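The chain contents come next:
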Amino acid sequence: MAPNKDDGANAMSFSNTEAVAREMDATDPLRKWRDEFHIPTAPNGEPVIYLCGNSLGLQPKRTRSILEQELDDWARLGVEAHFDGMRPWYSYHEQFRETGARLVGARPGEVVMMNSLTVNLHLMMVSFYRPTRERYKILIDYPTFPSDTYAVKTQIIHHGLDPADALTVMQPREGENTLRTEDIEHAIEREGDSIALVLLAGVNFFTGQFYDIPRITKAAQARGCVMGVDLAHAAGNVPLQLHDWNVDFACWCNYKYLNSGPGAVAACFVHERHGRNIDLPRFAGWWGNDPDSRFKMHLQPEFVARQGADGWQLSNPPIMALAPVVASMEIFDAVGMAALREKSLKLTGYLEFLLDQIPNKRYEVITPRDPAARGAQLSILAHDEPKALFKRLQQQHVVGDFREPNVIRVAPAPLYNSFHDVWRFAKILAGQR
Ligand SMILES: *Cc1c(COP(=O)(O)O)cnc(C)c1O
């Protein structure tokens, strides 16, 4: 993928000894970050092999004190903490203007933390899926995460249309596991006149494929379609340049690679050129209103949108739920996506190398081999008894996850996983018959 100059992992050479795994950890410039996280332990006292950061990221140690600060401010100040708290609640969400934007290659004001992912998808479709007689379809990728399918289908139905006609699902070619960019482009080219919205994953949850977002965005917009991206598996995982790629909108959750805890408050990106348009239709609430008139309350009942992504907020921010996002953004901002990606390429490349070494295996990796076309995750498709295999891995304290019907997903997260974690995992997998 052209915009990411990160195909270095292919050129790396690895060795499969434990000593080399230890050596790679010793020279890893990000190694200190592992100590910033709580790593669950197995009954034998050893840390589990946690390769599930793509599903639920681990807890940063600093989260507790940041959360406790809010409890303390509430106890100490009551309502006054809106302005006098250490991190004033009134403008709490504004803490993410810069850090949230840097995470995904956005400009300040293009990103807001609010609601949860599926809610944000709906809010974005309210504004950006405006079907007409001629242009009414939504194009999505397959496999599709169920919540996204439900959201898209019910939006279509909400507009009085039929998903059987209005939903186009891009399937990989016969015998292939992932989508070819040119096939997506051709589908857009072919059906473009009738497509209102292309809604793609950034990184597909099942296959781990990282799509060529700038190329697909270009193709979609050239045909007059809106481009939306679900970054659930991409944010905090792969480098993104949402502003420059000209993506119209994007949503992601903060509990996967971003470690903000189960059901964490999610994020939303609205491109500046839409954010400036305060007349864009939307479902509104008071926190999306211009702060200058927000507290005129009943004296000014007309909604006046605040510029930027903030203008899509509904309610006043849930402080206790946002505190872990503060911890997360501090960490990601301190490490930086470039350094994280550099380690991630090496870590996942190392995992691939070790899996390649295993003889006579009855499984295959369906994630693209091209490091530029994937993030941290490798999806292992097991040919026989996938569930039994997964169970045996669990018994040896491997934490990954199983996706029906036959895929085991493992994702070494570069913030806290070590090369030794990856080595231990590969050794256990190699020992399975
Ligand atoms: C994790 C994930 C979700 C989860 O949605 P929530 O609203 O956060 O429960 C939705 N879509 C995709 C693609 C995901 O990976």
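Residues numbered from 1 in each chain as written. Predicted model: local features only at pLDDT ≥ 70, side-chain atom pairs only at ≥ 80, totals over all residues. Heavy atoms only, no water.

## A closer look at the sheet that holds strand β5 (residues 195-201)
The condition is simple: Two strands are counted as paired when DSSP detects at least two bridges linking them. Where helices and strands are cited, they refer to DSSP runs of H or I of at least four residues and of E of at least two residues respectively, numbered from the N terminus. Each axis is a line fitted through C-alpha atoms, and for a helix only the stretch in contact is used; angles between axes span 0 to 180 degrees, taken between their N-to-C directions. Contacts were defined at the residue level, with two residues in contact if any of their heavy atoms lie within 4.5 Å.
What the 7 strands build is an open sheet, ordered β2-β8-β7-β6-β5-β3-β4; its pairing is mixed. Lying at the two open borders of the sheet, with one neighbouring strand each, are β2 (111-113) and β4 (167-170). On average, adjacent strands in this sheet sit at an angle of 15° to one another, irrespective of strand direction. Packing against the sheet, helix α4 (residues 96-104) makes contact with β2 and β7 (249-252), and its axis sits at approximately 115° to β2. Contacting β5 and β6 (226-230), helix α9 (residues 213-222) crosses the sheet at an angle of about 150° to β6.

## Examining the packing of helix α1 (residues 18-26) against helix α16 (residues 419-430)
Stated formally: The scheme is simple: roughly parallel for angles under 35 degrees, roughly antiparallel for over 145, roughly perpendicular for 65 to 115, oblique for anything else. Just so you know the grouping, Ala, Val, Leu, Ile, Met, Phe, Trp, Tyr, Cys and Pro go in nonpolar, Asp, Glu, Lys and Arg go in charged, and all remaining residues, Gly too, go in polar.
For the pair α1 and α16, interaxial distance at closest approach is 8 Å and the crossing angle is 155°. Classed by the angle they form, the pair α1 and α16 counts as roughly antiparallel. Mapping the contact onto sequence places Glu 18, Ala 21, Arg 22, Met 24 and Asp 25 in α1 and Phe 419, His 420 and Trp 423 in α16. Classifying every residue of the contact of α1 with α16 by side-chain character gives 4 nonpolar, 1 polar and 3 charged.

## Digging into the site of the ligand
For the record, the criterion: Throughout this document, a residue counts as near a molecule or strand when at least one of its heavy atoms sits within 4 Å of that molecule or strand. For this analysis, a polar contact is any N or O atom pair within 3.5 Å, provided that within protein one partner can donate a hydrogen and the other can accept it, and provided that sequence-adjacent residues contribute only side-chain to side-chain pairs. Note that accessible areas follow from Shrake-Rupley with a 1.4 Å probe, and for residues the cover is restricted to the protein chains shown.
Residues in contact with the ligand, as listed here, are Leu 117, Thr 118, Phe 145, Asp 148, Asp 230, Ala 232, His 233, Tyr 255 and Lys 256. Between the ligand and Asp 148 there is a distance of 2.6 Å, counted from a nitrogen atom to a side-chain nitrogen or oxygen. Here the ligand has 390 Å² of accessible area as a free molecule, and 83% of this is covered by the chains.

Remember, this is a structural readout, not a statement about activity or role.
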